[in-house]
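Residue-level structural notes
Each chain, written out:
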Amino acid sequence: MLAYLIKRFFMTIAVLLIVMTFLSLLVHIVPGDPARTLLGPRASPELIQKIRSAMDLDKPAYVQVGNFLWKVIHGDLGTDVFTGVSINRLVSAALPHTIILALASLGLAVLIGIPLGVFSATHPNSWLDRVTAILSISLTTIPSYVAGLFLLLIFAVQLKIMPAIGLGKDGNLKDYIMHLILPTIALAITWIGYLARLVRTSLLEVLNETYIRAARASGLSGRLVQYKYALKNALIPTVAVLGVGLGSLMGGAVLVEVIFNRPGMGTLIYNAIKARNYPVVRAGVLIVACLFVFVNFLTDLIYTYLDPRIQLGKQQR
Amino acid sequence: MSMENTLKTQPLKFNLERFDFILDILRRPQGAIGFTIVLLFIITVIFAPLIAPYDFARQDIPNRFQGPSAHYWLGTDQLGRDLFSRLVYGARIALSVAIPSVTIAISLGILFGLVAGYIGGTVDNLIVILMDSLQAFPSLILSLAILALLGPSLVNVVIIIGITWMPNYARVIRAQVLSAREAVYVEAERSLGATNPRIIFSHILPNVIAPALILAAMDLPWVITFEAGLSFMGLGVRPPTPSWGVILYDGFYNIRLSPWPVTWSGLALIFTTMGFTLFGETLRDVLDPRLSGTRGM
Amino acid sequence: MEAILKVENLAITYHTREAKLSAVRNVDFSVEQGKIVGLVGESGCGKSSIALALIRLLPPNGMVSAGKLYFQGQNLLSLRENAMREVRGHKISMIFQDPMTSLNPVFSVEEQMVDAILAHCGKNQKLSRSEARQKAIEMLDRVGIPDAQNRIRDYPHQFSGGMRQRIMIALALQANPALLIADEPTSALDVTLEAQITDLIRSLRDEFQTSILYITHDLGIVAQLCDEVIVLYAGNIVETGDVWHLFKQPLHPYTQALLRSHPTYETNSRFLATIPGRVPSLINLPVGCKFAPRCQFAQTICHEQEPLEYEREGQKVWCHIFQPDWQQTSEKTIIMNESQNEPAINLVESRQFKDKTIVKANRVEVHFQENLGLLSKILGQEPAPLKAVRGIDIMVYRGETLAIVGESGSGKTTLGRTILGLEEPTVGEVNVDGNPLTKINPAQKRALRAKMQMIFQDPISSLSPRKRVAELLLEPFNIHKIAVDPDRKVSELLEMVGLSSEQADKYPHQLSGGQARRVGIARALALNPALLVADEPTAGLDVSVAAGVLNLLKELREKLGLTYILITHNLNVVQFIADRVAVMYLGKIIEIGENEDIFNQPKHPYTEALISAIAIPDPEIRRKRKQILLEGEIPDPRHPPSGCSFHPRCRYRRERCIDESPSFNAPMDGRHLSACFFSELVGRTGDSQD
């Protein structure tokens with residue numbers, strides 16, 4: 001088990017290193033001088049030179065990568081060349097809002113999607129199962145930004161019963177939650193449908209296994225067999241999907257944050273991209289990637305815990 | 001074998017050369033709905049100039065922000081352009097981004113997947129790490145960052161979607177090749193004296209390509225919404241080209257003035273996605289039931 | 001004696017999208033207290049459906065469409081679901097076919113057993129979880145799980161297949177049920193484990209007086225274990241009776257054919273009887289007697305009317321032959337009727353080999369090293385290599401059939417693959433037809449492949465799934481760039497293996513197991529090889545189909561002068577077809593000799609035990625002979641025991657066997673050799689010791 005963890009950890013580090021190197025080199029893919037693109041054609045040569053050195057652009061590529069990595073390892077994401085503000089501060093202000101949004105949506109998706117899927121699988125071909133089937137496939141096909149726009153249009157613009165913009169008044173928890181509701185639903189919708197379908201299929205599959213029939217043949221009640229013996233097996237693939245899902249949720253969060261004007265990582269990166277504020281883009285993308293890699297690592301751990309067959313990192317043949 | 005198993009394992013319908021699988025799709029309600037939507041979409045794409053009543057760029061400033069009327073079937077946008085015509089042409093843009101980018105993704109994916117799976121060893125490890133790293137970025141954020149640097153354009157969007165989507169295919173192909181490589185029939189070919197290229201191209205590839213094609217069919221709607229998302233952020237297709245994402249963005253900007261642009265373009269996206277998804281899933285169920293439950297995200 | 005279970009007029013129907021399928025019809029039988037009743041039939045005849053109907057766990061699309069199931073006087077079909085749940089596991093238990101899939105992989109054995117025990121303790125005798133646990137441990141102990149106290153906490157995948165099946169038995173018997181249904185409980189297990197499990201089941205019956213309904217396709221097991229037999233064919237009972245009578249004088253043509261298609265030593269010089277055709281598909285069942293289309297005695301009436309019951313001394317048969325209006329066409333006796341294609345060649349005389357060797361293996365070892373990541377190498381966790389073949393010298397003579405016999409993990413398949421050059425030997429050398437395989441270049445090796453071919457274990461998956469049969473058969477010619485007339489060659493090859501030319505356009509998944517096997521043989525023989533390695537050629541095939549394949553192999557050997565290396569665990573097949581036999585255990589050959597010598601006078605304790613476990617479909621021979629049960633299971637080949645690797649399971653072992661490894665004491669010249677220090681004791685002291 002320990003060896004597996006170590007191995008997994010090193011793999012994670014390797015992936016992150018590649019990510020960071022790639023980000024540092026990204027700037028060189030672009031034809032032309034990034035500093036000039038960043039500042040516009042009318043900037044004075046002195047200003048350009050100043051920005052160039054602030055961004056390490058006057059040094060060879062490997063030095064840039066090295067410097068960036070060195071700083072990141074020491075917890076320094078650099079400074080915003082426009083405002084001189086430490087990027088650490090920008091990120092630490094934005095990150096919590098994104099994490100709260102992602103977790104809230106995931107939680108909502110799990111709370112609605114999994115019971116829906118379990119119900120469908122345990123009542124196959126009932127009318128509620130059919131309704132759920134149609135509902136869930138419709139939900140999966142709604143992109144989060146379209147859902148966000150529709151929610152905004154209906155509840156904020158037309159009905160005016162929900163707040164739409166920003167985070168709410170400072171320190172007002174109730175207001176914060178009210179502002180969280182629409183973006184959370186927008187992000188969760190696809191996942192509710194997806195989880196319901198996934199849980200339904202894998203539970204139906206498990207319910208067909210011999211060990212389920214064997215458990216029933218040994219006289220266990222239908223309830224115990226369905227909710228204990230089958231569900232744990234059925235949830236294993238779901239956990240794997242949730243790990244990957246959190247990543248795509250972060251992607252969707254960018255658009256949703258922009259629509260609802262929430263000052264999270266998405267908005268931070270989006271605004272930096274618009275302003276060609278390259279160091280902020282680099283740092284922002286890195287943080288999101290780290291988060292993603294970390295969540296995947298966590299998912300693997302939970303997976304190992306749930307499925308005793310996967311031990312010491314090797315699968316049973 | 002027990003009775004239940006005999007009934008459960010139906011033979012795989014793998015003969016792509018016969019088209020009776022289309023009938024199988026139409027026989028299922030989901031497939032029929034999906035097929036109809038996809039067909040409508042394709043007709044719209046091909047006959048856009050005949051279907052659209054106006055030019056997509058024709059402005060009618062006095063009549064801006066109109067609701068649906070006999071004159072403008074779905075209303076007009078902030079420049080008085082006909083929304084229906086713009087949506088019809090938008091379907092063309094959606095498909096002209098989706099098809100080449102999925103083609104790029106699947107070609108690169110097959111290449112990397114075959115090489116990694118068949119050669120194995122260090123090459124395999126390197127490719128796997130590369131794919132893992134590519135997938136370590138949420139694809140939307142990665143695409144945004146790259147597009148910000150390269151500058152938004154239709155070609156760039158196609159290339160970037162192709163690359164960010166590629167690891168999905170590479171993984172599927174690699175896994176298929178790995179299991180095919182261990183398959184008894186490959187061993188049997190080898191024992192007959194077949195060479196490696198013969199085994200790969202004549203025996204492994206045909207088995208591997210069907211799941212990849214099915215995956216591609218199921219990915220099309222996601223690529224369409226992905227492109228619309230990028231355009232919505234102002235980093236994909238640029239105005240005045242009527243991408244659905246652009247229409248959505250214009251509508252979002254003026255959402256307090258008129259609900260129609262957002263409503264129609266959003267519905268167009270949802271219906272297209274739903275149609276392709278229903279069609280793709282039925283196609284998968286009909287052609288290869290073993291793949292049930294897989295989906296590119 | 002009171003019948004515990006009485007099935008009356010049972011019919012089971014499955015509803016599929018296309019049609020209603022009648023899987024079981026008019027089934028009547030009963031099981032008496034303390035008896036073992038065998039339910040025999042080939043695959044698809046409805047055995048498992050009957051079992052599942054008895055515990056009312058048919059899949060959702062299946063239903064009992066007629067009949068009554070009386071268990072201890074009560075009709076199970078009229079019980080409410082709650083009452084039925086009380087019956088399941090408590091009064092009627094079931095053991096399933098594949099122990100690998102019948103335990104829940106994500107719960108520990110303890111969790112699963114305790115739940116099952118608590119489900120039945122009822123209100124009057126409240127058990128705590130720890131008491132239930134104690135009971136579970138006792139049960140595991142009883143079925144022979146070593147160290148049950150600790151191992152109960154383990155998960156199913158941490159047990160071997162045999163151990164898992166023991167756990168399933170413990171689970172099934174924990175409530176001391178009145179009836180145990182065992183659905184092919186040993187068909188997924190090795191021979192020596194099968195012997196252990198059947199012995200366990202019998203001893204549990206003797207101890208608890210449990211009635212057992214034993215479902216199997218293996219007539220040998222029925223002969224050994226059962227008191228009564230029910231023979232099923234395509235969902236109908238065709239014959240029932242006392243095991244002694246039924247095997248001595250089978251009345252139904254199907255039962256007779258089934259018994260005659262079972263390979264034994266007696267059949268060595270002959271061909272096996274085969275049953276033409278296949279079990280009918282449920283979609284279009286024949287009218288009248290379901291066996292009529294395959295029956296050599298069938299007359300018009302058989303194709304028109306269902307046969308009626310005929311009873312003789314407790315033996316019941318459903319066949320028109322026994323009805324008074326049957327028209328005698330040939331001799332009255334249907335019992336003696338030889339198969340149609342009796343060969344003219346006398347096998348014993350046709351053995352003119354011994355002069356030329358075709359394969360020579362020298363001190364061959366094959367090791368497998370798990371592919372480790374770089375990191376594990378740095379951390380120094382290199383596991384011991386798996387030595388699949390641990391030093392083997394063997395010669396195969398031109399024209400002979402050498403059988404390599406062993407259980408799973410013995411390395412027999414690896415040896416076969418190494419001989420064909422599909423696996424590189426780690427140590428030693430293989431020489432085929434004068435070519436040292438390790439020294440020739442890849443191109444020469446490819447050319448040599450035309451001369452030596454393999455038949456792979458799984459018939460269907462060894463055929464490339466997207467090629468038609470015709471393409472598959474032409475593949476060898478395309479690979480070796482030999483120009484042939486494609487249509488003629490394909491029909492020639494198909495005819496050689498007894499397939500019709502209609503099969504040429506089919507894809508592998510459209511073939512039955514037997515047909516796919518024949519295609520595999522045709523492909524292997526396309527280039528006229530000299531040597532054919534056949535890996536479990538009858539695995540997964542029903543007896544009657546397997547008989548056809550064995551006949552074919554025998555016939556082709558005579559016709560084409562082939563040399564066979566037959567890899568199998570099935571000693572019946574070996575007896576039937578082999579000239580010489582090599583027995584492998586943990587990567588080594590432990591005994592080798594002529595067919596008759598090995599079977600009449602085994603000289604190694606392991607061979608002795610294997611032979612004593614041979615399934616013979618004759619209850620008299622079967623029960624007269626003492627079956628030798630080996631202790632324990634085959635050890636992990638990664639860590640073979642010291643000295644003689646068989647010593648932990650050997651009943652003759654002495655001090656010496658633990659440290660010293662025995663070797664053959666004479667050069668390899670085809671005589672009978674055994675790698676045992678005490679080979680002269682084997683067989684002779686065997687009887688006196690017990």
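Residues numbered from 1 in each chain as written. Chains lettered and ligands numbered in written order. Predicted model: local features only at pLDDT ≥ 70, side-chain atom pairs only at ≥ 80, totals over all residues. Heavy atoms only, no water.

For the rest of this paragraph, the subject is the packing of aromatic side chains. Evaluated as defined, the whole model comprises 20 aromatic pairs over all chains. Between Tyr145(A) and Phe232(B), the ring centres sit 5.9 Å apart and the planes meet at 15 degrees, which makes this aromatic pair stacked. Linking Tyr145(A) in helix α7 (residues 144–158) with Phe232(B) in helix α10 (residues 196–232), this pair reaches from one chain into another. Accessibility expressed as a relative area gives 3% for Tyr145(A), which makes it buried. For Phe232(B), a relative accessible area of 1% corresponds to the buried category. Ring geometry for Trp191(A) and Tyr194(A): centres 5.4 Å apart, planes at 70 degrees, overall edge-to-face. In this pair, Trp191(A) and Tyr194(A) are both assigned in helix α8 (residues 173–207), 3 residues apart and thus about one turn of the helix distant. (Phe/Tyr/Trp six-rings, centres within 6.5 Å; stacked < 30°, edge-to-face > 60°. Helix = DSSP H or I, 4+ residues; strand = E, 2+ residues; numbered from the N terminus. Buried < 20%, exposed > 50% of the residue type's maximum accessible area, 1.4 Å probe, protein only.)

All names here are of chain C. The strand order β2-β1-β4-β5 describes an open sheet built from 4 strands, whose pairing is antiparallel. Because the sheet does not close on itself, it has two edges, and the strands there are β2 (20–32) and β5 (74–75). Sheet analysis places strand β1 (residues 3–15) next to strand β4 (residues 62–71), joined by 8 bridges and oriented antiparallel. Paired with Lys6 across the strands is Tyr70, a residue of β4. Docked against the sheet, helix α1 (residues 47–54) engages β1, β2 and β4, running at close to 115 degrees with respect to β1. (Pairing = 2+ DSSP bridges. Contact = heavy atoms within 4.5 Å. Axes fitted to C-alpha atoms, helices over the stretch in contact; angles between N-to-C directions.)

For the rest of this paragraph, the subject is a nonpolar patch on the surface. Residues and elements named next belong to chain B. Together, Leu39, Ile42, Ile43, Ile46, Phe47, Leu50 and Ile51 make up an exposed nonpolar region whose accessible area comes to about 620 Å². Ranked by residues supplied to the nonpolar patch, first place goes to helix α3 (residues 29–46) with 4 residues. Summarising the element assignment, Ile46 is placed in helix α3. (Patch = residues over 30% accessible without salt bridge, like charges linked within 9 Å, V, L, I, M, F, W, Y side chains within 5 Å. Areas by Shrake-Rupley, 256 points an atom, 1.4 Å probe, with all protein chains shown as cover. Salt bridge = Lys/Arg side-chain N within 4 Å of Asp/Glu carboxyl O.)

We now examine a negative patch on the surface. The grouping of Glu8(C), Asp28(C), Glu309(C) and Glu311(C) at the surface amounts to a negative patch. Judged by relative accessible area, Glu309(C) falls into the partly exposed class, the value being 42%. (Lys, Arg positive; Asp, Glu negative; His and termini not counted. Charge placed at Lys NZ, Arg CZ, Asp CG, Glu CD.)

All names here are of chain C. Along strand β18 (residues 452–455), one buried face is formed by Met452 and Met454 and the opposite face, lined by Gln453 and Ile455, is buried too. Alignment of β18 against strand β19 (residues 531–535), held across 4 bridges, turns out to be parallel. From the neighbouring strand, Ile455 faces β19, where its bridge partner is Ala534.

So, on to the side chain of His97(A). Residue and element names in this part refer to chain A. With respect to the helices and strands, His97 occurs in helix α5 (residues 87–122). By relative accessible area, which is 16% here, His97 ends up buried. Of the polar contacts made by the side chain of His97, one reaches the side chain of Tyr176; its length is 2.9 Å. Beyond its immediate sequence surroundings of up to four residues, His97 is in contact with Leu167, Tyr176, Arg262, Pro263 and Gly264. (Polar contact = N/O pair within 3.5 Å; in protein donor to acceptor, adjacent residues only side chain to side chain.)

A separate point is the sheet that holds β18(C). Spatially, 7 strands are ordered β18-β19-β20-β15-β21-β22-β23 (chain C) in an open sheet, and the strand pairing comes out mixed. Unpaired on one side and paired on the other, β18 and β23 (673–674) of chain C mark the two borders of the sheet.

The analysis is restricted to geometry; functional conclusions fall outside its scope.
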